[in-house]
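These are the residues of each chain, in order.
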Amino acid sequence: QVQLVESGGGLVQAGGSLRLSCAASGNIFSIPAMAWYRQAPGKQRELVAAITSGGSTNYGDSVKERFTMSRDNAKNTVYLQMNSLKPEDTGVYSCKADAICTDWRRRDYWGQGTQVTVST
């Protein structure tokens, strides 16, 4: 079992910045990949950013050149630095871990989500 806890969400003005964190804990052997997703009311959940344990990243088209994902493998923690925020970035941001537990079972785990609201 793996637990994910997100933090760092809140209210920010357009053009501002936020940094989200997601810390994984539990019976972890390794986490090959982690990702951030977001969902706004009335919209489909979309991939924001993903990162492998080796540091390879990919981003959704709408956040490229504005958001940066990073990780600290020793802490099983990932971060999402969000700059130049726009109102359309508003939504619930959720962390997902592709994790291998100590019993060798590989599964996806989700955090509870953190609200990001960008005002004009």
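This one's a predicted model, so the numbers in the text were calculated from it and none came from an experiment.

Draft legend 1. Just the pairing of strand β9 (residues 91-101), in detail. Taken across its 11 residues, β9 has 10 buried, putting it largely inside the fold. Inspection of the sheet shows strand β4 (residues 28-39) paired to β9 by 9 bridges, in the antiparallel sense. Each bridged residue has a counterpart across the sheet, and for Ile28 the counterpart in β9 is Cys101. Inspection of the sheet shows β9 paired to strand β11 (residues 114-119) by 3 bridges, in the antiparallel sense. What sits directly across from Tyr93, in β11, is Thr114.

Draft legend 2. Structural view of the sheet that holds strand β7 (residues 67-72). With respect to topology, 4 strands assemble into an open sheet ordered β1-β3-β8-β7, the strand pairing being antiparallel. With one partner strand each, in any of the chains shown, β1 (2-7) and β7 form the two edges of the open sheet. Averaged over all pairs of adjacent strands, the angle between their axes in this sheet comes to 15°, without regard to strand direction.

Draft legend 3. Fine view of unusual backbone geometry. The backbone of Glu65 sits at a positive phi, close to 75°, despite the residue not being glycine. Position of Glu65 relative to the elements: it lies in the loop between β6 (57-59) and β7. Overall, Glu65 belongs to the exposed group, its relative accessible area being 83%. Despite not being glycine, Trp104 shows a phi value in the positive range, around 75°. Within the secondary structure layout, Trp104 lies in the loop between β9 and β10 (106-110). Judged by its relative accessible area of 61%, Trp104 falls in the exposed class.

Cut-offs used in this document
- Residues numbered from 1 in each chain as written.
- Predicted model: local features only at pLDDT ≥ 70, side-chain atom pairs only at ≥ 80, totals over all residues.
- Heavy atoms only, no water.
- Buried < 20%, exposed > 50% of the residue type's maximum accessible area, 1.4 Å probe, protein only.
- Helix = DSSP H or I, 4+ residues; strand = E, 2+ residues; numbered from the N terminus.
- Pairing = 2+ DSSP bridges.
- Axes fitted to C-alpha atoms, helices over the stretch in contact; angles between N-to-C directions.

Function-wise, these values are silent; they only describe arrangement.
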